[in-house]
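Chain by chain, the residues run as shown.
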Amino acid sequence: MAAVMPVNPARTVMLRAQDVRPRWYVVDAQGKVLGRLASRIATVLRGKHKPSYTPHVDDGDYVVVVNADKVRVTGKKLDQKVYRHHTLHPGGLKTEPLRKLLARRPQEVLRRAVWGMLPHNPMGRRQIKKLKIYAGPEHPHQAQKPEPLDV
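Here goes a summary of the coordinates provided. (Residues numbered from 1 in each chain as written. Predicted model: local features only at pLDDT ≥ 70, side-chain atom pairs only at ≥ 80, totals over all residues. Heavy atoms only, no water.)

**Section: the sheet that holds strand β5 (residues 131-133)**
Turning to step 1, where the next piece is worked out: Ordered in space as β5-β2-β1-β6, the four strands form an open sheet in which the pairing is parallel. Whereas interior strands pair on both sides, the edge strands pair on one side only; in this sheet they are β5 and β6 (147-148).
Turning to step 2, where the next piece is worked out: Pairing between strand β2 (residues 62-66) and β5: three bridges, direction parallel. From the neighbouring strand, Val64 faces β5, where its bridge partner is Lys132.
Turning to step 3, where the next piece is worked out: Sheet strands in contact with helix α4 (residues 106-115) are β2 and β5, and its direction is about 155° off that of β5. (Pairing = 2+ DSSP bridges. Helix = DSSP H or I, 4+ residues; strand = E, 2+ residues; numbered from the N terminus. Contact = heavy atoms within 4.5 Å. Axes fitted to C-alpha atoms, helices over the stretch in contact; angles between N-to-C directions.)

**Side note on helix α1 (residues 34-46)**
Turning to step 1, where the next piece is worked out: Over its 13 residues, α1 runs 18 Å from end to end, which matches the ideal 18 Å to within 8%, given 1.5 Å per residue.
Turning to step 2, where the next piece is worked out: The complete set of buried residues in α1 reads Leu34, Leu37, Ala38, Ile41, Ala42, Val44 and Leu45. On an axial view of α1, the arc spanned by its buried residues comes to 165°, and they lie on one face.
Turning to step 3, where the next piece is worked out: On its buried face, α1 is in contact with β1 (24-28), β2, α4, α5 (122-128) and β5.
Turning to step 4, where the next piece is worked out: Once α1 finishes, Gly47 follows within two positions and takes phi at roughly 90°, a positive value. (Expected span 1.5 Å × (residues − 1). Buried < 20%, exposed > 50% of the residue type's maximum accessible area, 1.4 Å probe, protein only. Arc of directions from axis to C-beta.)

**Considering the pattern of salt bridges**
One side chain can pair with another of opposite charge once the charged atoms of both are near each other.
Turning to step 1, where the next piece is worked out: Per the counting criterion, the structure on display carries 12 salt bridges.
Turning to step 2, where the next piece is worked out: Lys50 is the salt-bridge partner of Asp61, the closest N and O atoms lying 2.9 Å from each other. Placement of Asp61 in the loop between α1 and β2 and of Lys50 in the loop between α1 and β2 is noted, with a sequence separation of 11 residues between them.
Turning to step 3, where the next piece is worked out: Judged by relative accessible area, Asp61 falls into the buried class, the value being 0%.
Turning to step 4, where the next piece is worked out: The network of salt bridges with shared partners includes Arg105, Glu108, Arg111 and Arg112. (Salt bridge = Lys/Arg side-chain N within 4 Å of Asp/Glu carboxyl O.)

**Structural notes on unusual backbone geometry**
Turning to step 1, where the next piece is worked out: Positive phi outside glycine occurs at Leu88, with the angle close to 70°.
Turning to step 2, where the next piece is worked out: You can see Leu88 is positioned in the loop between β3 (82-86) and β4 (93-97).
Turning to step 3, where the next piece is worked out: In this structure Leu88 comes out as exposed when scored by relative accessible area, which is 76%.
Turning to step 4, where the next piece is worked out: Unlike most non-glycine residues, Lys145 shows phi in positive territory, near 55°.
Turning to step 5, where the next piece is worked out: Structurally, the position occupied by Lys145 is in the loop between β5 and β6.

What follows is the structure, given as structure tokens:
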């Protein structure tokens, strides 16, 4: 006589794209350490903070960051960390230290930190578009009723 397999009530939930309901969060970056803030934001953008996380479905939420110009870094990173990009022309390597980039475009510093923690594929490119960064304390997303995010 064959044994009957018991039914397991704890089943894995596989989320479908039409079931996704993104939420909006707002983060005040004033005084927060850059890397720790970026890793928390990347987790929320990917949706890994939800019990319904499904790797192949974009279940992430929108994140609005204010006061990005007041983000903090530790150690000697202001002078030693260098951002590089190449213009694709001969001799076109451009470098800029963190201190100058933070003064010129503070949003870019946080965006690059978060992008480095997201998957570098089409899903990651969709997820980074859910990140809205503003240098000052104001943002135009009041209509979405963003909730404060604990960082």
